[in-house]
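Survey of secondary and tertiary structure
The primary structure of each chain is shown beneath.
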Number of protein chains: 2
Amino acid sequence: MESRLALIPALEPVREGIEDADRLLRSIVGSTEEPLRSMFNHLLGGGKRLRMALVIAVGRMFDAGGPRFAKLAAAVEMLHTATLIHDDVVDDASMRRGREALHSVWSVGAAVLAGDFLLARAVALMAELDSSRILRIFTGALCEMSVGEVRQTLVDGGKHHSREDYLRCAKAKTASLLEASTETAGILAGVTELQIAALGQYGRELGLAYQITDDVLDLIGDEEKLGKAAGSDLRQGLVTLPVLHYLDAVPNGGAVGTVLDGLTDEAHVKAAVEAVVSSGAVEASLAEARSHVLRGREALACMPDNPFRQILWSLSGYVINREF
Amino acid sequence: MESRLALIPALEPVREGIEDADRLLRSIVGSTEEPLRSMFNHLLGGGKRLRMALVIAVGRMFDAGGPRFAKLAAAVEMLHTATLIHDDVVDDASMRRGREALHSVWSVGAAVLAGDFLLARAVALMAELDSSRILRIFTGALCEMSVGEVRQTLVDGGKHHSREDYLRCAKAKTASLLEASTETAGILAGVTELQIAALGQYGRELGLAYQITDDVLDLIGDEEKLGKAAGSDLRQGLVTLPVLHYLDAVPNGGAVGTVLDGLTDEAHVKAAVEAVVSSGAVEASLAEARSHVLRGREALACMPDNPFRQILWSLSGYVINREF
């Protein structure tokens, strides 16, 4: 179990803090009963620990760290993992982090309960920090995430009609938890309200850039690295930002319209992906992702100028340059 | 929406407090987006508000009440409802509170997300009480509930081998949240540690009596009032306390063994139910339930002697004398 975490290079200066938090996370899931333990280990073997890294890096930037940051970082990662488990049930996704999704290996019931356990355990860990403000921020993010997922999967079936719908959804499903992570790390470090708000902005913009990049990678990413087939969003009828850009240019829908109308066999999906990619929609989307990165970096201006701020700066770049 | 709550008669003296809490609950679920709002209203139309009533009655017994108790009571009821929604998904139960289960009317995905939302919203409401002790007690109960449900549905498939297994499971799935409800109501009322522990004991014993009665009603209850067919536990392969009593007397399993071995058609289940009922197992189980009620009532000895203590005394009797 004590394997070296695979971190992105920019995170080496905070490796120790991340590893402390990861040890706490692993000791918590390691002390659960089977089959929960195996389920958690299955999922936690993968994962980039991005939220954990953000909490630790924000703390270090303000010269703060130690057990309270390890708790917050582990709790955030547990919350994130719990939402992934439930989202995979909701979307009936077969793969996660290059491995089979939990509900495919065990069962839907097992996955629901594993997510519930992790959620409750994460909140319990957060409650140890004795800050109802931190708890309110995370429970608010969790509510936003479930409402966002309900909206996406049940209400409009992912068929966003506008960029506003898309961004609202990206905010709910990805940016809200990242925003909560950086904001609460600032609260734990005892920084000013201005800095807390700026940290929230940094996390939120990072999250939007992350989600846009995710949606681009679904079209152009290496299937092996992604651990899933290209065009899976389109196959599910999910209209992401690059698809919206394509539809702006091709109002009748072209090859994409065919897939959204229900022809989701491999040949049609492949043709739709190629149509979107060759339309310049990927470049336009990545330009938007970059503008979110820039806005996130602007928020770093009111932070102490030290190597840990540099890590946050680099992380926001990594988010749009990653391959999976 | 503003319909008079159907309360059991013993609760009339605390009706006002319960209705305040119920209004808060309804205003929270009423302000959610569709389809969440319809889903919650579907479920909350039924329900006995037992946990809500316990919180209010404990408060009043110590001359405490007001908005903080309404919050705790509403949050407890929301947590309870969230766990029911997820349990119905896990057990693939078709009915709940005499109505179709949420995942049957909407979808498994919708039910998972509705449960997540309610869980997060309940914790957010509890966080407003600014007591990390209360939060730790509830998150502990939630962890225990999901581990218990995992154990029951995945590990031993409900085939308890002993009364100890059965009681451990009843404690996890029912008694833990009732214990948390009465214990935290005491904490909120600012009572002594001795009284908090006694309130926990009262809630726990009430919960065990409740679960045993539930398992008896599954065999002898009126199907219309229960909102489900008799013998549904047996059909699912769940070995409850009355069945354990029967198996003590009929070690080869008799008619029950046939059903547990997989012959779950109506005729075999009916024969098994009749065999258990005519064996005296129901009376033996109800005697155990009564002994839990008595132990719960013993815990009330260190409480103020007033009409609200009398409500708690009566509630524990109601739990084993109810018809659904």
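Residues numbered from 1 in each chain as written. Chains lettered and ligands numbered in written order. Predicted model: local features only at pLDDT ≥ 70, side-chain atom pairs only at ≥ 80, totals over all residues. Heavy atoms only, no water.

Concerning the pattern of salt bridges
The criterion, for reference: Salt bridges are defined by distance alone: a side-chain nitrogen of Lys or Arg within 4 Å of a carboxyl oxygen of Asp or Glu. Note on conventions: DSSP H or I runs of at least 4 residues are helices, E runs of at least 2 residues are strands, and numbering of each starts at the N terminus. Remark: exposure states derive from per-residue accessible area (1.4 Å probe, protein chains only) relative to the maximum for the residue type, with buried under 20%, exposed over 50%, and partly exposed in between.
As enumerated under the stated definition, the model contains 33 salt bridges over all chains in all. Note that R133(A) and E193(A) form a salt bridge whose closest N and O atoms lie 2.9 Å from each other. Remark: E193(A) occurs in helix 9 (residues 193–220) and R133(A) occurs in helix 7 (residues 132–155); sequence separation between them is 60 residues. R133(A) gets classed as partly exposed once you look at its relative accessible area, which sits at 33%. Note on E193(A): relative accessible area 49%, which makes it partly exposed. The partner of E274(B) in a salt bridge is K270(B), with the nearest N and O atoms 4.0 Å apart. Taken together, the residues E274(B) and K270(B), both in helix 14 (residues 266–278) and four residues apart, mark about one turn of the helix.

A look at the interface of chain A and chain B
To be explicit about the condition: Here, two residues are considered to be in contact whenever any of their heavy atoms come within 4.5 Å of each other. Pairing of N or O atoms within 3.5 Å defines a polar contact, subject to two protein rules: one partner must be a possible hydrogen donor and the other a possible acceptor, and residues neighboring in sequence count only if both atoms are side-chain atoms. Under the grouping applied here, Gly and all other residues not named as nonpolar or charged are polar, the nonpolar ones being Ala, Val, Leu, Ile, Met, Phe, Trp, Tyr, Cys and Pro and the charged ones Asp, Glu, Lys and Arg.
Counting residues at the interface gives 38 residues for chain A and 38 residues for chain B. Linking chain A to chain B there are two salt bridges. Joining chain A to chain B, the criterion identifies six residue pairs in polar contact (both at pLDDT 80 or more). Secondary-structure elements contributing two or more residues to the side of chain A that touches chain B are helix 4 (67–91), helix 6 (108–127) and helix 7 of chain A. Counting residues per element, the side of chain A that touches chain B draws most heavily on helix 7 of chain A, which supplies 14 residues. Classifying every residue of the side of chain A that touches chain B gives 21 nonpolar, seven polar and ten charged.

Comments concerning the nonpolar core
So the rule is basically this: Joining through side-chain atoms within 4.5 Å is the link that ties buried Ala, Val, Leu, Ile, Met, Phe, Trp, Tyr and Cys residues into a set, and such a set is a nonpolar core.
Counting residues in each nonpolar core, the largest one holds 223 residues, and the members touching the most others are L72(A) and L72(B). Setting aside residues no more than four positions away along its own chain, L72(A) makes contact with V55(A), M126(A), L129(A), I134(A), F138(A), T184(A), A185(A) and L188(A).

Comments concerning a negative patch on the surface
Residues and elements named next belong to chain A. Using the following cut-off: Each patch is built from salt-bridge-free residues with over 30% relative accessible area, joining like charges within 9 Å and nonpolar side chains (Val, Leu, Ile, Met, Phe, Trp, Tyr) within 5 Å. To measure how exposed things are, a 1.4 Å probe is used in the Shrake-Rupley method; for residues, cover is taken only from the protein chains shown. This count recognises Lys and Arg as positive and Asp and Glu as negative, with His and chain-terminal groups excluded. Here the site of a charge means atom NZ of a Lys, CZ of an Arg, CG of an Asp or CD of a Glu.
Together, D222, E223, E224, D265 and E266 give the surface a local cluster of negative charge. Mapped onto the elements, E266 comes out in helix 14 (residues 266–278). We classify E266 as exposed; its relative accessible area is 65%.

Quick notes on the environment of A122(B)
All names here are of chain B. Among the secondary structure elements, A122 is positioned in helix 6 (residues 108–127). For the pair A122 and A74, spaced 48 residues apart in sequence, the C-alpha to C-alpha distance is 7.8 Å. Setting aside anything within four residues of it in sequence, one finds A122 in contact with A75, M78 and L79.

Here's the deal with the confidence of the model for chain A
The following threshold applies: Confidence scores per residue from the predictor, reported as pLDDT, run from 0 to 100.
The share of residues in chain A with pLDDT of 70 or more is 97%, and the mean pLDDT across the chain is 91. On the interface metric, ipTM, the complex scores 0.90, and its pTM is 0.91.

Quick look at unusual backbone geometry
In the segment running from E34(A) into P35(A), the intervening peptide bond is cis, with an omega of 5 degrees. Mapping P35(A) onto the fold places it in the loop between helix 1 (15–30) and helix 2 (36–44). Of note in the backbone geometry, D130(A) takes a positive phi value of approximately 60 degrees without being a glycine. Mapped onto the secondary structure, D130(A) falls in the loop between helix 6 and helix 7. One non-glycine residue, R49(B), lies in positive phi territory at about 55 degrees.

Comments concerning the relation of the copies chain A and chain B
To keep it simple, the criterion reads: To line up the copies, we fit them by least squares on C-alpha atoms, keeping just the residues with pLDDT of at least 70 in both.
With an RMSD of 0.0 Å, the operation that places chain A on chain B is a rotation of 180 degrees combined with a shift of 0.0 Å along the axis. The two molecules are tied by a two-fold rotation axis, judged by turn and shift. The residues that chain A uses at the interface reappear at the interface of chain B in 100% of cases, marking a shared surface.

Some details on the side chain of S285(B)
Residue and element names in this part refer to chain B. Mapping S285 onto the fold places it in helix 15 (residues 281–299). Look at S285 and you get buried, because its relative accessible area is 0%. Apart from the residues lying within four places of it in its own chain, the contact partners of S285 are I212, V216, L241, P242 and H245.

What to know about the environment of D116(B)
Structurally, the position occupied by D116(B) is in helix 6. Exposure remark for D116(B): the relative accessible area of 12% places this residue in the buried category. Considering only alpha carbons, one finds D116(B) and A82(B), 34 residues apart in sequence, at a separation of 7.1 Å. When near neighbours in sequence (up to four residues on either side) are disregarded, D116(B) contacts H86(A), D116(A), S146(A) and H86(B).

Describing the packing of aromatic side chains
The geometry of an aromatic ring pair is captured by two quantities: the separation of the ring centres and the angle between the planes. Residue and element names in this part refer to chain A. Using the following cut-off: Centres within 6.5 Å are what make two rings of Phe, Tyr or Trp a pair, Trp counting through its six-membered ring; a difference in plane orientation under 30 degrees is then read as stacked, over 60 as edge-to-face, and the rest as tilted. The criterion for a charge sitting over a ring is simple: Lys NZ or Arg CZ within 6 Å of the ring centre, and within 35 degrees of the ring normal.
Overall, the coordinates contain two aromatic pairs over all chains when judged by the stated rule. The interplanar angle of 25 degrees and the centroid separation of 6.0 Å between the aromatic rings of F40 and F117 together place this pair among those described as stacked. Residue F40 is found in helix 2, and its partner F117 is found in helix 6; the two are separated by 77 residues along the sequence. An identical accessibility class is assigned to F40 and F117; each is buried. Against the face of Y210 rests R322, its NZ or CZ located 3.6 Å from the ring centre.

Some points on the environment of E224(A)
All names here are of chain A. If you trace the backbone, E224 turns up in helix 10 (residues 223–226). Note on E224: relative accessible area 74%, which makes it exposed. For the pair E224 and G98, spaced 126 residues apart in sequence, the C-alpha separation works out to 7.8 Å.

Concerning the packing of helix 15 (residues 281–298) of chain A against helix 16 (residues 307–321) of chain A
Residues and elements named next belong to chain A. Quick reminder of the rule: Note on method: axes are straight lines fitted to C-alpha atoms, helices fitted across the in-contact stretch only, with angles between N-to-C directions ranging 0 to 180 degrees. For this classification, under 35 degrees means roughly parallel, over 145 means roughly antiparallel, 65 to 115 means roughly perpendicular, and everything else is oblique.
Two numbers describe how helix 15 lies on helix 16: the axes approach to 10 Å, and their chain directions differ by 170 degrees. Viewed along their axes, helix 15 and helix 16 adopt a mutual orientation that is roughly antiparallel. Of the residues in helix 16, those touching helix 15 at A289, R290, V293 and R297 are W313, S316, G317 and I320.

Section: the packing of helix 3 (residues 50–61) of chain A against helix 9 of chain A
Residues and elements named next belong to chain A. Rules: With the far helix as reference, a near helix turned anticlockwise by less than a right angle produces a left-handed crossing, and one turned clockwise produces a right-handed crossing.
The contact between helix 3 and helix 9 brings their axes to 13 Å, and the two run at 150 degrees. In terms of orientation, helix 3 and helix 9 fall into the roughly antiparallel class. Handedness of the crossing formed by helix 3 with helix 9: right-handed. For the pair formed by helix 3 and helix 9, the contact residues are L50, L54, V58 and M61 on the first element and L199, Y202, L206 and Y210 on the second. Here the residues of the contact of helix 3 with helix 9 are counted per class, giving eight nonpolar, no polar and no charged.

A short note on helix 14 of chain B
Because each turn of an α-helix spans 3.6 residues, side chains separated by three or four positions in sequence point in the same direction. Residues and elements named next belong to chain B. Filter applied, for reference: Helix span, expected: 1.5 Å multiplied by one less than the number of residues in the helix. As used here, the arc belongs to the directions running from the helix axis to the C-beta atoms.
A rise of 1.5 Å per residue sets the reference length of helix 14, with its 13 residues, at 18 Å; its end C-alpha atoms lie 18 Å apart and thus fit the reference within 8%. For helix 14, the full list of buried residues reads V269, A272, V273, A275 and V276. Down the axis of helix 14, the buried side of the element spans an arc of 160 degrees, and every buried residue falls inside it. Relative to its buried face, helix 14 has exposed residues pointing more than 90 degrees away, namely E266, A267, K270 and S278. Structurally, helix 14 contributes buried residues whose contacts are with helix 9 (193–220), helix 11 (232–235), helix 12 (241–249), helix 13 (254–260) and helix 15. Directly after helix 14, the chain includes G280, whose backbone phi takes a positive value near 90 degrees.

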